[in-house]
Structures are given as structure tokens and as C-alpha cells.
Amino acid sequence: MQRIFILLIIIFPLATFSQVKKITLNEAIGIAQKKSPDYKINLNRNQASYWRFRNYKARFLPELRFNAILPEYRNEVELITNDEGQDVFRTKNQLFLQGGLSLSQSVPYTGGTLSINSRLNRIELFGLDENIGYAVFPFSLNYFQNSLFYNEFKWDKKIEPLVFEESKRDFVESMEQISVSTSNRYFDLLKAQMQLEIAKINLKNQDTLYQISKGRFKMGKIAENELLQMELTLLNSKNNLTTNTIEVKRTSQNLARYLELETENLELAVPEELPLFDVDIDKALSEAQTNRKAVIEFRRKRLEAEKEVAQQKGNNRVRLGVSANFGISQNGEDFNNLFNNFNKQQSVQVTIGLPIFDWGVSKSRRKMAEANLNLTNNSINQDQQEFEQEIYLHVLNWSSLRDFLYTSEKAKEVATKRYDISQKRYILGKISITDLNIALREKDDAVLRYLNSLERFWRDYYTLRQLTLYDFINDKKIEAEDILYD
């Protein structure tokens with residue numbers, strides 16, 4: 001009984017591994033869009049863009065912070081200037097503590113930062129003059145702006161929403177690219193499996209014909225050269241079988257690992273024919289210009305180049321900044337009296353920087369930014385033309401693929417039937433081995449052309465979806481179903 005149990009433990013995993021998993025093209029695409037490495041990369045990239053957008057939005061919200069120095073102790077000799085203007089050395093032995101709250105808010109209309117601060121300081125002196133002092137700043141209103149001629153917040157409000165929208169559209173396009181990639185792997189395996197079946201049939205037929213040829217050679221009905229030709233064809237069929245077996249193994253691993261399946265023993269179904277539908281070029285262009293990320297990308301690149309020009313013009317000529325502060329404060333040795341009779345504190349500072357002679361550095365930076373803007377505009381115009389041309393040519397190509405698939409399928413049927421007839425005629429001695437090999441080669445070529453046209457038909461269908469982000473069968477836009485933000 002124990003031996004039977006051990007035997008079952010050994011056999012069961014082997015049986016599980018050898019189980020054939022049947023799968024269709026639509027099922028493979030569905031799995032890939034939830035489990036493939038490309039999906040995980042796509043999701044991570046989109047999540048990063050989402051949190052970048054969240055960070056941008058948070059920059060315009062109030063921020064409350066606690067700031068403290070806990071503690072700062074110094075026991076050292078330092079150089080100071082006394083009331084008479086003389087430099088003297090003095091020993092410093094003190095403990096300094098500071099704590100405070102700050103509430104800051106970005107001002108997008110001006111490009112500055114407004115903050116409200118509250119701070120309490122405590123200093124304790126050691127040595128001969130031991131005492132404790134306090135300083136309180138219960139209220140301090142501050143405003144700071146680095147430049148009056150360049151507002152970074154204004155440009156971010158234009159660019160960052162486009163970056164986020166671009167990432168969402170990129171997610172949908174990448175999902176359609178997963179469909180294309182899955183389709184390629186699926187048809188690589190499907191073609192390998194079908195060619196393996198053809199190789200098995202050819203080997204069986206060639207072995208039968210070789211046995212017949214040996215009998216006919218013994219009877220003197222064919223020359224030795226024809227028998228050798230038949231033997232060579234048989235050997236080639238064996239080699240083809242070995243080659244196709246290895247190719248099935250390679251392509252099955254490629255698909256199974258991409259889909260993260262537990263087995264590599266896959267049985268693929270030939271995809272069903274798509275329902276008839278027409279693709280209007282104007283409709284395809286319109287949907288692509290509405291749905292694709294490239295349209296958002298063009299606007300984003302132009303704005304980024306314009307932002308660079310504005311930054312160089314605002315900072316490279318006259319640098320003008322402003323800083324202002326208004327509040328109250330009090331200090332003393334008695335903590336209980338700190339919050340009486342506050343002193344006013346206020347300050348305004350305007351800074352200006354004007355380059356008189358900088359060897360053309362400011363001008364060159366501005367000119368480089370303007371040249372980059374012109375280059376960006378020209379590149380965008382060219383990209384827009386290529387964008388429209390790609391869709392136009394793909395729609396034209398797609399319109400002819402169904403007819404090409406039909407003719408290649410018909411050619412496969414004709415070539416197969418012709419080979420069957422040629423095989424029978426060879427057995428009857430009506431044709432030579434050369435004619436039979438020609439019929440065999442034409443049959444195999446016709447089958448391969450059919451498989452290639454079938455692959456191209458489905459690949460171009462999913463590419464059409466990717467280029468337009470539109471489902472022409474169901475007449476609706478393709479949108480992301482589930483984008484997870486953790």
C-alpha cells in the first residue's frame with residue numbers, strides 16, 4: 001500500500017504537467033492583460049504618473065509643519081566684536097532650544113509662497129553669568145517670491161494635468177500593445193504546431209512512398225536515381241519533423257511564460273473569423289486625434305519648450321525678488337511675562353539683479369531656449385504628419401487583408417488537393433518524383449503563406465485598435481477598465 005502511495009505521488013505531478021491546456025486567442029489576450037510582465041510594467045508606470053500628479057496637486061494645498069532644535073549645546077571659544085569695535089575672544093557655554101509651527105501656502109497667481117509662523121526660543125547660559133532667557137514669536141506673516149517675471153506655478157498648472165492625461169492614455173495604448181504582443185506569440189506557436197502536424201503527415205506519406213519506390217525499383221520500374229531522390233525526400237522530412245518539434249517547444253515556452261501559465265503543453269485554437277466591418281479613414285483619423293496620447297504629447301512638449309523660454313526671459317535679464325514679513329514678538333527672562341506688551345516686527349526686502357556685462361551668457365541662454373522651441377514646433381509638425389500618415393496607410397492596408405486572407409486560404413486548399421492528386425498519380429506511375437516534390441513544396445509554401453496571412457490579419461486588427469483606441473466592431477472608444485492606485 002505504501003509503495004502504491006509513493007508511486008501516485010511521483011506520477012500525479014507528471015500527469016498534471018502533461019495535461020493539455022486549451023486556449024483561444026481572446027483568452028490568451030485576456031490573461032496577458034492581467035498577468036503578463038508588460039502589464040505589470042504598464043501598471044507601475046501609470047501608478048508613478050498618478051502619484052506625480054497627486055504630488056503636484058498637494059503643492060497647492062496648505063502645509064502645516066513642526067520645526068524644532070532639540071537641543072543645540074555649545075561650549076567653545078569664539079571671536080566677537082565688542083561695543084568699542086574691538087575683536088575679542090569669549091567663551092560660550094550655552095544650551096539652545098527652539099520649537100515652532102509653520103503653515104505655508106503656495107500662491108499660484110503670483111508664484112510666491114505665503115506662510116504663517118509661530119516660534120518659541122529658550123537659551124540657558126552656564127558659567128559665571130548663569131541665567132535663562134526666552135523669546136516668543138506668536139505670530140509672523142511672511143511672503144516670499146523669487147522672481148516677479150517668471151511664475152513656475154502658472155506653467156505647472158498647464159503642463160502637469162497634460163502629463164497625467166498622457167499617462168492614462170498611454171496605459172490604454174500599452175494594453176492594446178499587449179494584445180499585439182500576445183497575438184505575435186500566439187501565432188508563433190500556432191504556426192509551429194500546424195507545421196509540426198504537416199511535418200508528421202509528410203513524413204508518414206514519404207515513408208509510404210519510399211517503401212513503394214523500393215518495391216518498384218526491385219521490379220525494375222524506376223531507376224536508382226529516382227529511388228535515391230525519394231530516400232532524400234524522406235530524410236528531409238525527418239529533419240523537418242525534428243526542427244518543427246524544437247520550434248513548438250520554443251514558442252510554447254515563450255507564450256506560457258508571457259502568460260505565466262503553469263503548463264507549457266498548450267493546444268491553440270485557430271481564431272474565428274471577424275465579423276465584417278468597414279473602417280472609414282476619416283473616422284479612424286478623428287478617433288485617433290481624440291483618443292491617442294500623441295495628441296496630448298504634442299501639446300505638452302510645446303508648453304514645456306515655451307516654459308523654458310519664459311524662464312530664461314524672466315531670470316536671465318533682470319532678477320527681481322520680494323520678501324516681506326509682519327508679526328509680533330517678545331523676549332525676557334520671565335516666561336510668564338512673555339505674552340504681554342508685544343513688540344511689532346516688520347520688514348520688506350526687494351532684491352534686484354541686473355547683468356551689466358556677462359559675455360552674452362544671458363542672451364545665449366535665451367536664444368538656445370527659443371531655438372529649442374522652434375525645433376520642438378517643427379518636430380511636432382513632422383510627427384503630426386507621420387501620425388496621420390501611419391493611420392491612413394494602416395487603414396488602407398487593413399481593407400485589403402481580409403481579401404488576401406481569403407485568397408491565401410483558397411490557395412492552400414487548391415495546393416493540398418493538387419498534392420493529393422499528384423501523390424496518387426505517382427503511385428500509379430503517371431508522374432515523376434520531380435513533379436511530386438514540386439507539388440509537395442507548393443503545398444507547404446501555400447500552407448505557410450496562409451498561416452502568415454492569418455497572423456498578419458489578426459496582428460493588424462489589434463494594431464488598428466492601438467492606433468485609434470477605438471473598437472470598430474462594437475463602435476465605441478477603448479478605455480482603461482481597471483487602473484489600480486495603491
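The residue count restarts for each chain, going from 1 along the sequence in the order it is written. Only residues with pLDDT of at least 70 are given local features in this predicted model, and only at 80 or more are side-chain atom pairs given and counted; all residues enter the totals for whole chains, interfaces and linings. Side-chain measures here rest on the full set of heavy atoms in the structure, leaving out hydrogens and waters.

**Quick notes on the overall build of the protein chain**
- Broken down by element type, the protein chain carries 9 helices and 10 strands.
- Whereas a compact globule of 486 residues would reach a radius of gyration of roughly 23 Å, the protein chain reaches 39 Å, over 25% beyond that.
- Seen along its three principal axes, the alpha-carbon backbone of the protein chain occupies a region of about 135 × 70 × 45 Å.
- When accessible area is computed with a 1.4 Å probe and restricted to protein chains, residues below 20% of their type maximum are described as buried, those above 50% as exposed, and intermediate ones as partly exposed. Sorting the 486 residues of the protein chain into buried and exposed places 38% on the buried side.
- When the accessible surface of the protein chain is summed, it comes to about 29,900 Å², and 54% of that surface belongs to carbon and sulfur atoms.
- Positive residues here are Lys and Arg, negative ones are Asp and Glu, while His and the chain termini are left out of the count. We put the charge of a Lys on NZ, of an Arg on CZ, of an Asp on CG and of a Glu on CD. Side chains of the protein chain give 66 positive and 65 negative charges; the mean places of these two sets differ by 5 Å. Runs of H or I in DSSP of at least four residues are treated as helices and runs of E of at least two as strands, each being numbered from the N terminus. Based on C-alpha atoms, the radius of gyration is set beside the globule rule, defined as 2.2 Å times the residue count to the power 0.38. The protein chains shown are the only cover counted for residues, whose accessible areas, like all others here, come from Shrake-Rupley with a 1.4 Å probe.

**Structural notes on the pattern of salt bridges**
- We define a salt bridge as a contact between a side-chain nitrogen of Lys or Arg and a carboxyl oxygen of Asp or Glu at a distance within 4 Å. For the structure shown, the criterion picks out 32 salt bridges.
- A salt bridge links Glu-63 to Arg-65; the shortest N-O distance between them is 3.3 Å.
- Given the relative accessible area of 38%, Glu-63 is considered partly exposed.
- Residue Arg-65 is classed as partly exposed on the basis of its relative accessible area, which comes to 44%.
- In this structure, the salt-bridge partner of Lys-168 is Glu-165, at a minimum N-O distance of 3.4 Å. With Lys-168 and Glu-165 both in helix 4 (residues 152–218) and 3 residues apart, this pair spans about one turn of that helix.
- The class for Lys-168 is partly exposed, based on a relative accessible area of 31%.

**Concerning the pairing of strand 3 (residues 87–107)**
- Here, any two strands with at least 2 DSSP bridges between them count as paired. When strand 2 (residues 63–81) meets strand 3, the two strands line up antiparallel, connected through 17 bridges. Considered in strand 3, the bridge of Asn-75 is made with Asn-93.
- Counting the residues in the hairpin turn of strand 2 and strand 3 gives 5 residues, including Gly-85, whose phi is positive at 85 degrees.
- Inspection of the sheet shows strand 3 paired to strand 4 (residues 112–125) by 14 bridges, in the antiparallel sense. Considered in strand 4, the bridge of Leu-101 is made with Ser-118.
- Taken together, strand 3 and the strand that follows it, strand 4, pair antiparallel across an intervening segment of 4 residues, in which Gly-111 is found at a positive phi of about 90 degrees.

**As for the packing of helix 2 (residues 25–35) against helix 4**
- With axes taken as lines fitted to C-alpha atoms, and helix axes fitted only over the stretch in contact, angles between N-to-C directions fall between 0 and 180 degrees. Following both chains from N to C, one finds helix 2 and helix 4 inclined at 130 degrees, their axes separated by 9 Å at the closest point. By the angle between their axes, helix 2 is oblique relative to helix 4. Considering how the two elements wind past one another, helix 2 and helix 4 form a crossing that is right-handed. Contacts from Leu-25, Ala-28, Ile-29, Ala-32 and Gln-33 of helix 2 reach helix 4 at Met-175, Ile-178, Ser-179, Thr-182, Ser-183, Tyr-186 and Phe-187.
- In this count, Pro and Cys sit with the nonpolar residues alongside Ala, Val, Leu, Ile, Met, Phe, Trp and Tyr, while Asp, Glu, Lys and Arg are called charged and the others, Gly among them, polar. Looking at side-chain class alone, the contact of helix 2 with helix 4 contains 8 nonpolar, 4 polar and no charged residues. By the definition adopted for this analysis, an angle is roughly parallel if under 35 degrees, roughly antiparallel if over 145, roughly perpendicular if from 65 to 115, and oblique otherwise. Put simply, a crossing is left-handed when the front helix is turned counterclockwise from the back one by less than a right angle, and right-handed when it is turned clockwise. Any pair of residues with heavy atoms lying within 4.5 Å of one another is described as a contacting pair.

**Some thoughts on the packing of aromatic side chains**
- Ring pairs are drawn from Phe, Tyr and Trp, using the six-membered ring of Trp, whenever the two centres fall within 6.5 Å, and their geometry is named by plane angle: stacked under 30 degrees, edge-to-face over 60, tilted for the rest. If you walk through the whole model with that rule in mind, you get 15 aromatic pairs.
- Ring centres 5.0 Å apart and planes at 70 degrees place the aromatic pair Tyr-470 and Phe-472 in the edge-to-face group.
- Judged by relative accessible area, Tyr-470 falls into the buried class, the value being 5%.
- For the cation-ring pair, Lys-158 lies above Trp-155, with the distance from its terminal atom to the ring centre recorded as 4.8 Å.
- Sitting over the face of the ring of Tyr-450, Lys-412 holds its NZ or CZ atom 4.4 Å from the ring centroid. Any Lys NZ or Arg CZ that is within 6 Å of a ring centre and within 35 degrees of that ring's normal is treated as a charge sitting over the ring.

**Points about the side chain of Arg-292**
- Relative to the helices and strands, Arg-292 resides in the loop between helix 6 (281–291) and helix 7 (293–316).
- Judged by relative accessible area, which is 10%, Arg-292 ranks as buried.
- For the purposes of these results, a polar contact is taken to be a pair of N or O atoms within 3.5 Å, where, inside protein, one atom must be able to donate a hydrogen and its partner to accept one; residues adjacent in sequence count only when each atom of the pair is a side-chain atom. Within polar-contact distance, the side chain of Arg-292 engages the side chain of Glu-173 at 3.2 Å.
- A polar contact is formed between the side chain of Arg-292 and the backbone oxygen of Leu-467, at a distance of 2.8 Å.
- Excluding residues within four positions of it along the chain, Arg-292 makes contact with Arg-169, Glu-173, Glu-287, Phe-387, Ile-391, Gln-466, Leu-467, Thr-468 and Leu-469.

**Concerning the layout of surface pockets**
- Points on a 1 Å grid over protein atoms alone make up a cavity when a 1.4 Å probe fits among them but cannot get out, and a pocket when they form an open set with protein on both sides within 12 Å along at least five of seven lines; lining residues each have an atom within 4 Å of a point. Grid points are joined across faces, edges and corners, and a volume is the space filled by probe spheres set on the points. Taken as a whole, the second largest pocket holds about 440 Å³ of empty space.
- What lines the second largest pocket is a set of 18 residues, and nearest its centre among them are Asn-202, Asn-240, Leu-440, Arg-441 and Asp-444.
- The element that contributes the greatest number of residues to the lining of the second largest pocket is helix 9 (residues 433–468), accounting for 8 residues.
- Here the lining of the second largest pocket is composed, by residue class, of 6 nonpolar, 9 polar and 3 charged.

**Quick notes on the sheet that holds strand 3**
- The 6 strands lie next to each other as 2-3-4-5-7-8, forming an open sheet whose pairing is antiparallel. In this open sheet, the two strands that pair with only one neighbour each are strand 2 and strand 8 (343–353). On average, each strand axis in the sheet is tilted by 20 degrees relative to the strand beside it, whichever way the strands run.

**Here we look at the nonpolar core**
- Residues grouped as a nonpolar core are buried Ala, Val, Leu, Ile, Met, Phe, Trp, Tyr and Cys residues, joined through side-chain atoms within 4.5 Å. Among the nonpolar cores identified, the biggest contains 70 residues, and Tyr-186, Leu-259, Leu-268, Val-279, Ile-391, Trp-398 and Trp-458 are the most heavily contacted of them.
- Here this core gets 15 residues from one element, more than from any other, and that element is helix 4.
- Non-local contacts of Tyr-186, meaning those with residues more than four positions away in its chain, are made with Ile-23, Thr-24, Leu-25, Ala-28, Leu-255, Leu-268, Ala-269 and Pro-271.
- Judged by nonpolar contacts, the second largest core, of 8 residues, contains Trp-155, Val-163, Leu-303 and Ala-310.

**Things to note about the side chain of Thr-468**
- If you trace the backbone, Thr-468 turns up in helix 9.
- Residue class for Thr-468 comes out buried when judged on its relative accessible area of 0%.
- Among all residues touching Thr-468, those that are not within four sequence positions of it are Ala-284, Glu-287, Ala-288, Asn-291, Arg-292 and Ile-391.

**Points about helix 4**
- To estimate the expected span of a helix, count its residues, drop one, and scale the result by 1.5 Å. Compared with the 99 Å implied by 1.5 Å per residue over 67 residues, the 94 Å span of helix 4 between its first and last C-alpha is a close match.
- The sharpest bend along helix 4 comes to roughly 25 degrees, located at Lys-158, with the proline Pro-161 sitting one to four residues further on.
- Residue Asn-151 occupies the N-cap position of helix 4, its side-chain oxygen lying 3.1 Å from the main-chain nitrogen of Phe-153.
- Count one or two residues on from helix 4 and you reach Gly-220, which has phi positive near 80 degrees. Bending is quantified residue by residue as the angle between axes fitted to the seven-residue window ending at that residue and the seven-residue window starting at it.

**Considering the confidence of the model for the protein chain**
- pLDDT is a residue-level measure of predictor confidence that goes from 0 to 100. Confidence along the protein chain averages 84 in pLDDT terms, with 94% of residues attaining 70 or more.
- In the model of the protein chain, helix 1 (residues 2–18) stands out as the element of lowest mean pLDDT, 41, in contrast to helix 2, which has the highest, 91.
- In the predicted structure, residues 1–17 sits below a pLDDT of 50 and forms 3 contacts with residues beyond four places in sequence or in another chain.

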